[in-house]
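Here is what each chain is made of, one letter per residue.
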Amino acid sequence: MIKRIGILTSGGDAPGMNACIRAVVRTALYNNIELLGYLRGYDGIIDNQYVVMQRESVSNIIHRGGTVLKTARSPRFMTPAGMQQAVNNLQQSGVEGLVIIGGDGSFRGAVELSKHIDIKILGCAGTIDNDLVGTDYTIGYDTAINTVTDAIDKLRDTAESHDRVFVVEVMGRDAGLIALRTAIASGAEALLVPEMHNDMALLGERVRQWRKTKSSRIVVVAEGDEAGGAYKVADYIKSIVPDFDMRVTVLGHIQRGGSPTCMERVNASVVGYHAVKGLMEGRRNELVGIINREVVYTPFLKTVKHKETLDAGMEEMIRVLGS
Ligand code: ADP
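Procedures and definitions
- Residues numbered from 1 in each chain as written.
- Predicted model: local features only at pLDDT ≥ 70, side-chain atom pairs only at ≥ 80, totals over all residues.
- Heavy atoms only, no water.
- Near = heavy atom within 4 Å.
- Polar contact = N/O pair within 3.5 Å; in protein donor to acceptor, adjacent residues only side chain to side chain.
- Areas by Shrake-Rupley, 256 points an atom, 1.4 Å probe, with all protein chains shown as cover.
- Helix = DSSP H or I, 4+ residues; strand = E, 2+ residues; numbered from the N terminus.
- Nonpolar A, V, L, I, M, F, W, Y, C, P; charged D, E, K, R; others polar.
- Salt bridge = Lys/Arg side-chain N within 4 Å of Asp/Glu carboxyl O.
- Buried < 20%, exposed > 50% of the residue type's maximum accessible area, 1.4 Å probe, protein only.
- Pairing = 2+ DSSP bridges.
- Axes fitted to C-alpha atoms, helices over the stretch in contact; angles between N-to-C directions.
- Patch = residues over 30% accessible without salt bridge, like charges linked within 9 Å, V, L, I, M, F, W, Y side chains within 5 Å.
- Lys, Arg positive; Asp, Glu negative; His and termini not counted.
- Charge placed at Lys NZ, Arg CZ, Asp CG, Glu CD.
- Domains from an automatic or database assignment.
- Contact = heavy atoms within 4.5 Å.
- Buried area = accessible area lost by both parts, 1.4 Å probe.
- Arc of directions from axis to C-beta.
- Core = buried A, V, L, I, M, F, W, Y, C linked by side-chain atoms within 4.5 Å.

**Considerations on the site of the ligand**
Inspection of the region around the ligand gives 15 residues, with R73, S74, G103, G105 and S106 positioned closest. Contact between the ligand and G12: an oxygen atom at 3.4 Å from a main-chain N or O atom of the residue. Protein chains bury 82% of the 560 Å² of accessible surface belonging to the ligand in isolation. Ranked by residues supplied to the shell around the ligand, first place goes to helix α4 (residues 104-116) with six residues. Tallied by class, residues from the shell around the ligand come to three nonpolar, eight polar and four charged.

**Details of the pattern of salt bridges**
In this structure the tally under the stated criterion is 13 salt bridges. Linking D43 and R76 is a salt bridge whose minimum nitrogen-to-oxygen distance equals 3.4 Å. You can see D43 sitting in helix α2 (residues 42-46) and its partner R76 sitting in the loop between β3 (50-52) and α3 (80-93), a full 33 residues away along the chain. For D43, a relative accessible area of 17% gives the class buried. Between D104 and R108 there is a salt bridge; the shortest N-O distance is 3.3 Å. One end of the pair is D104 and the other is R108, both in helix α4 and four residues apart, which spans about a single turn.

**Describing the sheet that holds β3**
Strands pair in a sheet through their backbones, by hydrogen bonds, and they do so in one of two ways: parallel or antiparallel. As summarised here, the arrangement of the seven strands in space is β3-β2-β1-β4-β5-β10-β11, forming an open sheet in which the pairing is mixed. Sheet topology places β3 and β11 (294-299) at the edges, where each strand pairs with a single neighbour. Taking each pair of neighbouring strands and ignoring which way they run, the sheet shows an average axis angle of 25°. Across five bridges, the pairing between strand β1 (residues 4-9) and strand β4 (residues 97-102) is parallel. Along β4, the bridge assignment pairs I7 with V99.

**Focus on a negative patch on the surface**
Taken together, the side chains of D153, D157, E160 and D163 make up a negatively charged region of the molecular surface. Its location among the elements puts D163 in the loop between α5 (141-162) and β6 (164-170). Overall, the relative accessible area of 48% leaves D163 in the partly exposed class.

**Digging into the domain arrangement of the protein**
Each domain of the protein was delimited in the assignment, giving domain 1 (4-140 + 260-302) and domain 2 (143-256). Every contact between the two is made by twelve residues of domain 1 and, on the other side, ten residues of domain 2. Buried area between domain 1 and domain 2, summed over both chains or domains, comes out near 910 Å², and the portion from carbon and sulfur atoms is 54%. Between domain 1 and domain 2 we count one salt bridge in total.

**Focus on the sheet that holds strand β9 (residues 245-250)**
Pairing within the open sheet is parallel, and its four strands lie in the order β7-β8-β6-β9. Looking at strand neighbours, the two that pair on one side only are β7 (190-192) and β9, the edges of this open sheet. On average, each strand axis in the sheet is tilted by 15° relative to the strand beside it, whichever way the strands run. Relative to strand β8 (residues 217-222), β6 is paired through six bridges, and the arrangement is parallel. Residue pairing in the sheet places V168 in a bridge with V220 of β8. Here helix α6 (residues 177-185) sits on the sheet and contacts β6, β7 and β8; the angle it forms with β8, its principal contact strand, is near 165°.

**Considering helix α8 (residues 230-240)**
Every buried residue of α8 is accounted for by A230, V233, A234 and I237. Angular distribution of buried residues about the axis of α8 spans 100°; they occupy a single face of the element. Turned more than 90 degrees away from the buried face of α8, the exposed residues are Y231, K232, D235 and S239.

**Considerations on the nonpolar core**
When a protein is soluble and globular, its nonpolar side chains tend to lie buried together. One finds I101, I139, I178, L191 and V220 to be the most contacted residues of the largest nonpolar core, which totals 58 residues. There are two domains that each give this core at least three residues, and those are domain 1 (4-140 + 260-302) and domain 2 (143-256). Formed by 25 residues, the second largest nonpolar core is a distinct cluster that contains L36, V95, F107 and V111.

See below:
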């Protein structure tokens, strides 16, 4: 029977991580498992910085964004010396299992760690981009798309009042899922995402058809799109319709914060609960995901980032609805 485990949040933060931490803590303590909360990702293991988590350590955090354990990227963990220090500390602390809340990079780190020490590790997907194989849901995504939709609604109000075009840049370096969903939800007139090729040329075609009949236009751009960001897109639009009044808004880190949505809190609680249950069953090196509403465990090595391909039907729908 597993007696002591550790938990950490690693990589980029995401709203809902606290709900997941709370679920892990409560489930572990309920099952008489001691829990060490490592601070600042893998750095916490290397520096032996942890808090012995109590029931009260996670009181009143389910509704808070960010992560009470703090998070970090740890270049030291990627060096042999850093890895060895982490292994020594884990051995000394008697930790038999770990729950890692993070992205695919953090899971690659977990796989490396498990090559050096016999320890059970399970992961919960924490990334606002929702681009991991092994789960339909990643912690942070639902809150992020609601934050973005709310922000674009506000921009729409002012765009309408001034008859303006707003080019809105949202997060998504490799995947345009945030842009795609929020463009549909906010009734955007155009969308540029990494998944769509030649989207700049398509945008040009659309802009040429724009007349000043509609008072506002919203163009949503994923930061990773080949067009090169909202300012370049705005310059391009301006070159076609110089008389349109145009503004650029880069939403930035506002997308990572805020109180998690109801769906976020529930799903983060589900994967946190099942992470501890999985460790108790002896599982290791797997992501705890939710696929078609079922809890599914997927080996870390398969949880690479994926790009959702945009099928022709979806592209067509976006064009039609934004026309
Ligand atoms: P995310 O988990 O959000 O994808 P990163 O890709 O930055 O974020 O990874 C988070 C951390 O995981 C890194 O800072 C590093 O400490 C650790 N990590 C990632 N890849 C490896 C690896 N190949 N070996 C050891 N540690 C790794």
